[in-house]
There are 8 protein chains.
Amino acid sequence: GHTRVDHHRSLRTGLPEVVYAAGKTPAQTAEIFASLAASGVAVLATRATPEAYAAIAQAVPAAEYHALARCVTLPGSAVAGETGGTIAVLCAGTSDLPVAEEAAVTAEIFGAKVIRLYDVGVAGLHRLLAVKDQLAAADVVIVCAGMEGALPSVVGGLVGVPVIAVPTSVGYGASFGGAAALLGMLNSCSPNISVVNIDNGFGAAYTSTLIARAARNVHQK
Amino acid sequence: GHTRVDHHRSLRTGLPEVVYAAGKTPAQTAEIFASLAASGVAVLATRATPEAYAAIAQAVPAAEYHALARCVTLPGSAVAGETGGTIAVLCAGTSDLPVAEEAAVTAEIFGAKVIRLYDVGVAGLHRLLAVKDQLAAADVVIVCAGMEGALPSVVGGLVGVPVIAVPTSVGYGASFGGAAALLGMLNSCSPNISVVNIDNGFGAAYTSTLIARAARNVHQK
Amino acid sequence: GHTRVDHHRSLRTGLPEVVYAAGKTPAQTAEIFASLAASGVAVLATRATPEAYAAIAQAVPAAEYHALARCVTLPGSAVAGETGGTIAVLCAGTSDLPVAEEAAVTAEIFGAKVIRLYDVGVAGLHRLLAVKDQLAAADVVIVCAGMEGALPSVVGGLVGVPVIAVPTSVGYGASFGGAAALLGMLNSCSPNISVVNIDNGFGAAYTSTLIARAARNVHQK
Amino acid sequence: GHTRVDHHRSLRTGLPEVVYAAGKTPAQTAEIFASLAASGVAVLATRATPEAYAAIAQAVPAAEYHALARCVTLPGSAVAGETGGTIAVLCAGTSDLPVAEEAAVTAEIFGAKVIRLYDVGVAGLHRLLAVKDQLAAADVVIVCAGMEGALPSVVGGLVGVPVIAVPTSVGYGASFGGAAALLGMLNSCSPNISVVNIDNGFGAAYTSTLIARAARNVHQK
Amino acid sequence: GHTRVDHHRSLRTGLPEVVYAAGKTPAQTAEIFASLAASGVAVLATRATPEAYAAIAQAVPAAEYHALARCVTLPGSAVAGETGGTIAVLCAGTSDLPVAEEAAVTAEIFGAKVIRLYDVGVAGLHRLLAVKDQLAAADVVIVCAGMEGALPSVVGGLVGVPVIAVPTSVGYGASFGGAAALLGMLNSCSPNISVVNIDNGFGAAYTSTLIARAARNVHQK
Amino acid sequence: GHTRVDHHRSLRTGLPEVVYAAGKTPAQTAEIFASLAASGVAVLATRATPEAYAAIAQAVPAAEYHALARCVTLPGSAVAGETGGTIAVLCAGTSDLPVAEEAAVTAEIFGAKVIRLYDVGVAGLHRLLAVKDQLAAADVVIVCAGMEGALPSVVGGLVGVPVIAVPTSVGYGASFGGAAALLGMLNSCSPNISVVNIDNGFGAAYTSTLIARAARNVHQK
Amino acid sequence: GHTRVDHHRSLRTGLPEVVYAAGKTPAQTAEIFASLAASGVAVLATRATPEAYAAIAQAVPAAEYHALARCVTLPGSAVAGETGGTIAVLCAGTSDLPVAEEAAVTAEIFGAKVIRLYDVGVAGLHRLLAVKDQLAAADVVIVCAGMEGALPSVVGGLVGVPVIAVPTSVGYGASFGGAAALLGMLNSCSPNISVVNIDNGFGAAYTSTLIARAARNVHQK
Amino acid sequence: GHTRVDHHRSLRTGLPEVVYAAGKTPAQTAEIFASLAASGVAVLATRATPEAYAAIAQAVPAAEYHALARCVTLPGSAVAGETGGTIAVLCAGTSDLPVAEEAAVTAEIFGAKVIRLYDVGVAGLHRLLAVKDQLAAADVVIVCAGMEGALPSVVGGLVGVPVIAVPTSVGYGASFGGAAALLGMLNSCSPNISVVNIDNGFGAAYTSTLIARAARNVHQK
Ligand SMILES: Nc1ncnc2c1ncn2[C@@H]1O[C@H](COP(=O)(O)O)[C@@H](O)[C@H]1O
Ligand SMILES: Nc1ncnc2c1ncn2[C@@H]1O[C@H](COP(=O)(O)O)[C@@H](O)[C@H]1O
Ligand SMILES: Nc1ncnc2c1ncn2[C@@H]1O[C@H](COP(=O)(O)O)[C@@H](O)[C@H]1O
Ligand SMILES: Nc1ncnc2c1ncn2[C@@H]1O[C@H](COP(=O)(O)O)[C@@H](O)[C@H]1O
Ligand SMILES: [Mg+2]
Ligand SMILES: [Mg+2]
Ligand SMILES: [Mg+2]
Ligand SMILES: [Mg+2]
Ligand SMILES: [Mg+2]
Ligand SMILES: [Mg+2]
Ligand SMILES: [Mg+2]
Ligand SMILES: [Mg+2]
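Sequence positions are assigned chain by chain, starting from 1 and proceeding in written order. Naming scheme: in the order in which they are written, chains are lettered from A and ligands are numbered from 1. Reporting of local features is limited, given that this is a predicted model, to residues whose pLDDT is at least 70; pairs of side-chain atoms are given and counted only at 80 or more, and all residues count toward the totals for whole chains, interfaces and linings. Note that the side-chain values use all heavy atoms of the structure and ignore hydrogens as well as water.

**Student:** How should the overall build of chain A be read in this particular structure?
**Tutor:** When helices and strands are counted, chain A shows nine helices and nine strands. Under the scheme applied here, a residue whose accessible area is under 20% of the maximum for its type counts as buried, over 50% as exposed, and between as partly exposed, the area being computed with a 1.4 Å probe on protein chains only. Counting only residues that meet the buried cut, chain A has 63% of its 221 residues in that class. In what follows, residue pairs with any heavy atoms lying within 4.5 Å of each other are defined as contacts. For chain A, the proportion of contacts with a sequence separation of at least 24, taken over those separated by at least 6, is 68%. Here the open area of atoms and residues is found with the Shrake-Rupley method and a 1.4 Å probe, where only the protein chains shown may cover a residue. By element, 56% of the accessible surface of chain A is carried by carbon and sulfur atoms, the whole surface being about 7,000 Å². Only DSSP runs of H or I with at least four residues qualify as helices, and only runs of E with at least two residues qualify as strands; both kinds are numbered from the N terminus onward.

**Student:** Can you help me understand the packing of aromatic side chains in this one?
**Tutor:** The geometry of an aromatic ring pair is captured by two quantities: the separation of the ring centres and the angle between the planes. What counts as a ring pair is set by centres within 6.5 Å for rings of Phe, Tyr and Trp (its six-membered ring), and what kind of pair is set by the plane angle: stacked under 30 degrees, edge-to-face over 60, tilted for all other angles. Applying the stated criterion across every chain, the model contains 32 aromatic pairs over all chains. An angle of 65° between the planes, with centres 5.9 Å apart, marks the rings of Phe 202 of chain E and Tyr 206 of chain E as edge-to-face. Within this pair, Phe 202 of chain E and its partner Tyr 206 of chain E are both found in helix α9 (residues 201-220), separated by four residues, close to a single helical turn. Comparing Phe 202 of chain E with Tyr 206 of chain E shows no difference in burial state: the two are buried. Their ring planes at 15° and their centres at 5.0 Å tell us that Tyr 53 of chain H and Tyr 65 of chain H sit as a pair that is stacked.

**Student:** Is there a simple way to explain the relation of the copies chain A and chain H in this structure?
**Tutor:** Each copy is superposed on the other by least squares, with the fit set by C-alpha atoms of residues at a pLDDT of at least 70 in both. The two copies are related by a screw motion: chain A maps onto chain H through a turn of 180° and a shift of 0.0 Å along the axis, at an RMSD of 0.0 Å. Such a combination of turn and shift is consistent with a two-fold rotation axis. Closest to the rotation axis within chain A is the C-alpha of Val 195 of chain A, separated from it by 2.5 Å. Mapped onto chain H, 100% of the interface residues of chain A again fall at the interface, so both copies present the same surface.

**Student:** Even after reading the chapter, I still don't get the confidence of the model for chain A, so can you show me in this structure?
**Tutor:** Residue and element names in this part refer to chain A. In the predicted model, chain A carries a mean pLDDT of 89, and 87% of its residues have values of at least 70. Confidence scores here are pLDDT values: one per residue, from the predictor, ranging 0 to 100. The low-confidence segment residues 217-221, where pLDDT is below 50, has eight contacts with residues more than four positions distant or belonging to other chains. Reported confidences for the modelled complex are a pTM of 0.94 and an ipTM of 0.94.

**Student:** Looking at this structure, how should I read the sheet that holds strand β1 (residues 19-20) of chain C?
**Tutor:** In a beta sheet, neighbouring strands are held together by backbone hydrogen bonds and run either parallel or antiparallel to one another. All names here are of chain C. Sheet architecture is open: four strands sit in the order β1-β2-β4-β3, paired in mixed fashion. In the strand order of this sheet, the two ends are held by β1 and β3 (64-66), each with one partner. Any two strands are treated as partners once DSSP identifies two or more bridges connecting them. In this structure, β1 lies alongside strand β2 (residues 43-46), joined through two bridges in parallel fashion. Residue pairing across strands places Tyr 20 opposite Thr 46, the latter belonging to β2. Here the axes come from fitting lines to C-alpha atoms, over the contacting stretch only for helices, and the angles between their N-to-C directions go from 0 to 180 degrees. Seen against the sheet, helix α2 (residues 26-38) touches β1, β2 and β4 (71-74) and runs at an angle of roughly 160° to β2. Across the face of the sheet, helix α4 (residues 97-109) comes into contact with β2, β3 and β4 while running at roughly 10° to β4.

**Student:** How do you make sense of the environment of Glu 101 of chain A when you look at a structure like this?
**Tutor:** All names here are of chain A. Within the secondary structure, Glu 101 sits in helix α4 (residues 97-109). Given a relative accessible area of 11%, Glu 101 falls into the buried group. Distance in space between the C-alpha atoms of Glu 101 and Ile 115 is 11 Å, their sequence separation being 14 residues. Each residue touching Glu 101, except ones within four places of it in the same chain, is listed here: Leu 68, Ala 69, Arg 116 and Tyr 118. Two N or O atoms count as a polar contact when they lie within 3.5 Å, although within protein this holds only if one can serve as hydrogen donor and the other as acceptor, and sequence-adjacent residues are included solely when both atoms are side-chain atoms. Reaching out from Glu 101, the side chain makes a polar contact with the side chain of Arg 116 at a distance of 2.6 Å. Only 2.7 Å separates the side chain of Glu 101 from the side chain of Tyr 118, close enough to count as a polar contact.

**Student:** What is the right way to read the sheet that holds strand β4 (residues 71-73) of chain E from this model?
**Tutor:** Residue and element names in this part refer to chain E. In spatial order, the strands read β1-β2-β4-β3; together these four strands make up an open sheet with mixed pairing. Lying at the two open borders of the sheet, with one neighbouring strand each, are β1 (19-20) and β3 (64-66). Pairing of strand β2 (residues 44-46) with β4 involves two bridges; the strand directions are antiparallel. By the bridge assignment, Ala 45 is partnered in β4 with Val 72.

**Student:** Is there a simple way to explain unusual backbone geometry in this structure?
**Tutor:** Note on backbone geometry: most residues besides glycine have negative phi, and most peptide bonds are trans. Despite not being glycine, Arg 47 of chain B shows a phi value in the positive range, around 55°. A relative accessible area of 16% means that Arg 47 of chain B is categorised as buried.

**Student:** Is there a simple way to think about the interface of chain A and chain H in this case?
**Tutor:** Often the size quoted for an interface is simply the accessible area lost on bringing the parts together. Facing the 35 residues of chain A at the interface are 35 residues of chain H. Once two parts are joined, some of their accessible surface, as seen by a 1.4 Å probe, is lost; buried area is that loss totalled over both. Roughly 2,600 Å² of surface becomes buried between chain A and chain H when both sides are summed, with 59% attributable to carbon and sulfur atoms. The term salt bridge refers to a pairing of a side-chain nitrogen on Lys or Arg with a carboxyl oxygen on Asp or Glu at a separation within 4 Å. Along the contact surface separating chain A from chain H lie zero salt bridges. Summed over the shared surface of chain A and chain H, the number is six residue pairs in polar contact (both at pLDDT 80 or more). Ranked by the residues each element gives to the side of chain A that touches chain H, the list is headed by helix α9 (residues 201-220) of chain A, at 11 residues. Of the residues that constitute the side of chain A that touches chain H, the class distribution is 19 nonpolar, 12 polar and four charged. Polar here means any residue other than Ala, Val, Leu, Ile, Met, Phe, Trp, Tyr, Cys and Pro, which are nonpolar, and Asp, Glu, Lys and Arg, which are charged; Gly is therefore polar.

**Student:** Can you help me understand the pairing of strand β6 (residues 113-117) of chain E in this one?
**Tutor:** The side chains of a regular strand alternate, residue by residue, between the two faces of the sheet. Residue and element names in this part refer to chain E. The pairing of strand β5 (residues 86-91) with β6 spans five bridges and is parallel. Looking at β6, one finds that Leu 90 is bridged to Leu 117. By the criterion used throughout, a crossover qualifies as right-handed when its path from the first strand across the helix to the second strand runs clockwise, the strands pointing away from the viewer. Once you follow β5 into helix α4 (residues 97-109) and on to β6, the crossover reads as right-handed.

**Student:** Is there a simple way to think about empty space enclosed by the protein in this case?
**Tutor:** Unoccupied space between atoms shows up once a probe the size of one water molecule is rolled over them. Only protein atoms enter the 1 Å grid, on which a cavity is a set of points fitting a 1.4 Å probe that cannot get out and a pocket is an open set with protein on both sides within 12 Å along at least 5 of 7 lines, lining residues being those with an atom within 4 Å of a point. Grid points are joined across faces, edges and corners, and a volume is the space filled by probe spheres set on the points. Inspection of every chain in the model, using the stated rule, returns one cavity of 30 Å³ or more. Quantified by volume, the largest cavity comes out at close to 40 Å³. Along its surface, the largest cavity is lined by Pro 162, Ile 164, Ser 194, Thr 207 and Ile 211 of chain D together with Pro 162, Val 163, Ile 164, Asn 192, Ser 194, Thr 207 and Ile 211 of chain E. Classifying every residue of the lining of the largest cavity by side-chain character gives seven nonpolar, five polar and no charged.

**Student:** Help me out: how do you make sense of helix α4 (residues 97-109) of chain D in this one?
**Tutor:** Helical geometry: 3.6 residues make up each α-helical turn, so side chains three or four residues apart lie on a common side. In this model, α4 of chain D (13 residues) spans 18 Å end to end at C-alpha, consistent with the 18 Å of a helix rising 1.5 Å per residue. Those residues of α4 of chain D that sit buried are Leu 97, Val 99, Ala 100, Glu 101, Glu 102, Ala 103, Ala 104, Val 105, Thr 106, Ala 107 and Ile 109 of chain D. Multiply 1.5 Å by the residue count of a helix minus one, and that product is the helix's expected span.

**Student:** I keep staring at the relation of the copies chain H and chain B and nothing clicks. Help me out?
**Tutor:** Between the two copies of this chain, the relationship is a rotation about some axis together with a displacement along it. Mapping chain H onto chain B leaves a residual RMSD of 0.0 Å; the transformation is a rotation of 90° accompanied by 0.0 Å of translation along its axis. Overall, the copies show the geometry of a four-fold rotation axis. No C-alpha of chain H approaches the rotation axis more nearly than that of Phe 176 of chain H, which lies at 7.2 Å.

**Student:** In this structure, what is going on with the packing of helix α2 (residues 26-38) of chain A against helix α3 (residues 50-59) of chain A? I would like to understand it.
**Tutor:** The relative placement of two packed helices is expressed as an angle between their axes plus a distance between the axes. Residues and elements named next belong to chain A. For the pair α2 and α3, the least separation of the axes is 8 Å and the interaxial angle reads 40°. Put simply, α2 runs oblique to α3. When the axes of α2 and α3 are compared, the crossing they make is right-handed. Of α3, the residues touching α2 (which contributes Pro 26, Thr 29, Ala 30, Phe 33 and Ala 34) are Glu 51, Ala 52, Ala 55, Ile 56 and Ala 59. Across the contact of α2 with α3, the residue classes break down as eight nonpolar, one polar and one charged. In these notes the angle categories are as follows: under 35 degrees is roughly parallel, over 145 is roughly antiparallel, 65 to 115 is roughly perpendicular, and the rest is oblique. Here a crossing is taken to be left-handed if its near helix is turned anticlockwise relative to the far helix by less than a right angle, and right-handed if that turn runs clockwise.

**Student:** Even after reading the chapter, I still don't get the interface of chain H and chain B, so can you show me in this structure?
**Tutor:** Between chain H and chain B, the contact holds 15 residues from the first and 15 residues from the second. For the pair chain H and chain B, the summed buried area comes to about 1,300 Å², and 54% of that belongs to carbon and sulfur atoms. Summed over the shared surface of chain H and chain B, the number is three residue pairs in polar contact (both at pLDDT 80 or more). Contributing elements (two or more residues each) for the side of chain H that touches chain B: α1 (7-13) and α8 (179-186) of chain H. Per-class residue counts for the side of chain H that touches chain B are four nonpolar, five polar and six charged.

**Student:** Can you walk me through the side chain of Glu 148 of chain H in this structure?
**Tutor:** When you line up the elements, Glu 148 of chain H lands in the loop between β7 (140-145) and α7 (151-158). Take Glu 148 of chain H: its relative accessible area is 4%, and that puts it in the buried class. Discounting residues that sit within four places of it in the chain, Glu 148 of chain H has contacts with Ser 153, Gly 184, Asn 187, Ser 188 and Cys 189 of chain G together with Val 122, Ala 180 and Ala 181 of chain H.

**Student:** Looking at this structure, I do not really get helix α3 (residues 50-59) of chain B. What am I missing?
**Tutor:** Residue and element names in this part refer to chain B. Every buried residue belonging to α3 is among Ala 52, Ala 55 and Ile 56, and all of these are buried. With its buried residues spanning 100° around the axis, α3 presents them on a single face. When the buried face of α3 is taken as reference, the exposed residues oriented beyond 90 degrees from it are Glu 51 and Gln 58. The secondary structure elements touched by the buried residues of α3 are α2 (26-38), β2 (44-46) and β4 (71-73). This arc is taken over the directions from the axis of the helix to the C-beta atoms.

Spelled out as structure tokens, the structure:
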């Protein structure tokens, strides 16, 4: 119908067009997923419900569902392994896991090595300090946090690489759907932080992959 | 004229009525200050400009000016020394100093012992960890921070006493005059934190003094 | 799985880690509750649905459900009775009861004596004035109110102890989910007030318990 | 020039068109004031600076300046004395006085009897309770308050007549220029309260005068 | 249980305590309604669902349901007929009817004469101008409008009596749940307007009844 | 220096690039104005202070200043007279005049015939109804209003042509710098209304000129 | 019942009163639709659910449903073909289609020629540049976009005719229900843009039809 | 005094601690600048007024002032030339220049190669398309834009590298101090975009330098 696929970006970046399943019917999602799969590239669908996955799986049996991340991927496709670089994905609390996993799964399908460091919120600082060495191995760090969104500032001070901060909608009352965390991150006093939209694990992973791909070369030398 | 002095609270708490000099002329401020001084109790004026102090000093030569805190106090008056208890006052950056000093000067005039721990923002965590022992001596902790307002959450996780968080209006752009810090503090995942108005160092010290006064007895035993 | 339990805070404060059941499945909640119960400390789960309680009760039959407070507690565990101090819990209207009860149940499981003074909103002042004597016995006062959130200011003027104000999401239209009450409380002209997040009865009780524990010593002398 | 004077309203209500001096030059204000004075009716200019008054006084020597209220009136003109009814004007703190006086001066020039009850904020409740009898004499009550804006709710519960609430821009930080007080008043749980714009003492007096005029007849019988 | 009934206000105003059924179970609502009915005064429940009415009707068979207004009343009770005075209730569009009817039903049970003038929004001005004569008979005017909330300003210019403006949550997009209408009404350039909370037809009628009761005497002479 | 002039739009529309003087020094403004004047087209500078005009006048003596509109124009240049069509410019109060004049002067320099209908706010409806015939002659109507921003809705219902609504920053308190008027206009129930930015008289005139130019042909037949 | 049909506007504009089905029952919608159909003019219902259409179809079998646009139209009625002029309707992404189709269907029933140019968002600019020629044929352009709402600015720079921008509620997190897109469009640096309410495809089409009707004459010469 | 210098970050990143001069007196700024200069590393002060520069120049004569960028740098110091990589800095309009220059000067002192592409806003798209080749040479792109903030989305679609978006406070009315641009950028449909605080050119350059440093190695091979 009316969809105009944007092949330009894929050509420039080597990263595929991704299906955003929110607001699409399972049938629509499956149809687009299948047509992309047919072209042999790596395929990713985000914000996919179990129903959307069921529809995809019927069309593309090799597709895998990442329930926590709400993502569908097609393993064995082209990009995997080519990007390189290492991305650490952190989250503050267990409620931030769906967003962190959306980031992690996206980064992996795009070919990055991912280090998951979860439930390391700042109110129990020893948890973060305990993983400091693992943090040091990353070329770029994604930090997901809801409520007060303080984790990126602390992490930003511990590492010498770019930090992509993802505010999550976790919280209640004066969290205003993630706005409190978003504002906190935008005002961070760590200067190596930039921010994406609330709950946008995908976008954080996309831009992190571009960074890690370049950084990989540094480490490989 | 129209001012009705509230002696009830002073009687109940043993803490004096305080002059809020903002929006008053130097002459008005001096007049109220002098009349309180005449009654022999401890006197405090907050948000006092140098001009306000000049007017006060003419009427009450013993009055002292705390320029950074924008406070005027009358030393040697009744409350000092009676309250007891120890209050740690922290701030994240050097721009938060006026608010932190308003808190510290208020707490001292009200008779608490004050430990100042300044410029210990979370983006350089080693600075905070270096003062951990001093923190442990406090019966209550006041934490002033602008921008992302993350410091109270981290401090809250390090101590076993109440933390009073004071958002400051330090910042620009999406700090929205301190609203970002305020929201961050309200959403803190440390459960021992409560929050006062933006830049309200006075209120933080007032309520902290009430807490410290009780807590002193614990330490004295 | 990914959960990192924070034993540090428990050690420092003598207060247990608490299960926040919102956004967890009944099975997840029950599993965490049971593992904490096994360690013999006092256990508390907040924001627990009847379904969550059912799952907990199967694993830990001694667990009790506080329906109005949406809390599950394990009586007979370690903390109860040790904290001491007296906390008055007030609320403005009957719709604020769930938040007030979350505070009251939390404070009790943490070992404080609780005085409940409900439905004492400022539009019918005689109701508050009628309980003034009971208020005077408290070491700290928790005040829950939605809509205009005026009650803490009035209470703050009647007592000489710290007041923890809890805005509730009760209201409609321009209450904006509790934001009106929150702003009112932050701007209170009573200087002994500090504020927690909208509907955060738990946090108010946690910090009040720390205050009451110290204050108890004053009264015991 | 372009100004179209609205005589219709004056005819309907018996109340004169009023000059809103904010955003007008002293010369413009004086010109309009003088032309209204020439017609022999009561004249009022609000938000008038001392400079504006100076210009008016040159054109209309009988004009009087109410410095605190920032109003200019022309005594001896037609309306005074005709309206009748009694309006109580309350304010919470001394900083609210300019708004309260704008209301009081407006009501008086429109012919109402005004009872001023100032500095009766809710944080020191005894001050309000001390004037309860005076309140009872009013046909309508105007309540001006900034910061948390709690006073109208308390007053609303004490009287059996309409209360017009005027939020003021007094405060700082999270008062957001009077928005906190405004929201508090709109969410009042006293059902006899309606609200006007922030700092709009004039509007409160205008609508109160219409109410008092009718109510006068009740008392006169 | 915990409910403290406020008889003071009823005594002062002659208007009964009203049951606000939102957030109460049908059983709770019915219990309170029945106990008030037993005392022989006029009874009103607002925001009552059909289920709440069913429960009330079983306890108090004489109770009547006003479906559009979502109100339950007990006819034949004491207040009706005593208040007097005339209230015009206007609304801008058909979607504002539930709020307008809440106001109208409330005013009638409180004893005022009500003139309903509906669907007279300003985008088709002839509809309002056609009812100008009916408007002129009112002692006070209630105007309900959503979307841009312009109707009160126009009506305020047409009448010489107080106008109570009720913003409604009717609209979508940038109406932000009635906030656009609320702000419009607060900024009205008609000085005889005061405003109540979004969708608060009840409060508008309550305060209007107090005004109309006094005004009645004017007309009766 | 760095400025890239956009000649494309001028070529497409026949309307010149316009100098936005806000945030430019008088010298910078004059330099750009002079260079555009040299090319012989109609020239317009908006938001020009008297100082900016003085600088322009020295470089381009024929330039004229429109003080109320804060605009500088160069008469006798190319566009004037070519556009045709008639634009009515309305404003609600005298304080809206600067915005209305920015619109009127812009439309005239772009070649449209302008009908000015000022101070016709809805609180005194007879003023608007008195100019209804003049309104009927317009091909498009620009309506400037601050405070509640109700005028466009009423005008939209009176005419059968497009209405461009311009919220102004006139007002105080809850007008929030024009946001109240903006929201009102976006929610108008008249379907022939579209809205530009707060105080953007220039943009309203630009888009209205494009509409009027086409409409002219209708009337000329 | 209470509905007052506004025939004035229809007479002035030749465009029919339209049924806004949101918040009406299917039965109510069908009744109004049928009564308008009986008068022989073109009929349009917007925001109509399938259930509403089913009810309409029973009363008016010739009615057609536009599922994506959520509109019901009655073909063969009077207006079609008379308006003339060409309207291009653009949208940024496939999720904006319902709003774009509401605009397109409305414009067609009102007699304009519509060019649909969908899925031409600015992140893949070649898609927009590819349809530049088709854009050039339009007398007015409607641009629907959610998320960042950037498309109108780019389109505004490519065409010499008025652009009506329609923010959509498409997005999540910091899109705040379309507010981000709305603000972007209001701040556009293209001066030929005006804006309607979020998701208001109908209003955009209504005002565009009025513009296109006039513009048609230009092209016909 | 109280300042605790954070040497940790410098050691980790090889980038110096930077002086944020806003809110510091010229004397304070000069003192810190001089002490950093003494240590032989590259030194940068941002938000420096001419007065601050004058004070610095007296202490450190080699310091240079970048007036448009409001920055002071010390050339010939250690970092320059070591970082490598290429950063393109774009801005939409001439009013965005101060922010763009803060970014450019920061990136240069940190050792990156900077390509300046200014005044390429989306309303005149040809200007951006004309510099497409220069864009292609960048390892990372900084895009500064106020008003609607649309430029990053368009640029993000043209390049295959990370884009750091900087909203600026340029605009008026509904730009709300840069909030409109900020929201637009956070909602960008280009997935390679992350965002920093309003006007934070410094932070954008800091994080871009970290990215470019890694990317350089790719290009050097
Ligand atoms: N810096 C401050 N911030 C907020 N409240 C204050 C401050 N200083 C004093 N106050 C309060 O203001 C009251 C005195 O106000 P006033 O009567 O206007 O001088 C005191 O009782 C304090 O509770
Ligand atoms: N302080 C005030 N606040 C709000 N409105 C006012 C005030 N003073 C006067 N007005 C209104 O402004 C109108 C006069 O405005 P103007 O024609 O601009 O002088 C009067 O009819 C009053 O309704
Ligand atoms: N008052 C105004 N409000 C908004 N935009 C304007 C205004 N005056 C001029 N402009 C626009 O600003 C552009 C020129 O901006 P600049 O290059 O910064 O002078 C012109 O092309 C106009 O589209
Ligand atoms: N323009 C700026 N915007 C935001 N942060 C800055 C800026 N300039 C410097 N900084 C940060 O401010 C810190 C220094 O702050 P201070 O100790 O107050 O001088 C540096 O480490 C930078 O991270
Ligand atoms: Mg945890
Ligand atoms: Mg520092
Ligand atoms: Mg009650
Ligand atoms: Mg006082
Ligand atoms: Mg209608
Ligand atoms: Mg006027
Ligand atoms: Mg697409
Ligand atoms: Mg330009």
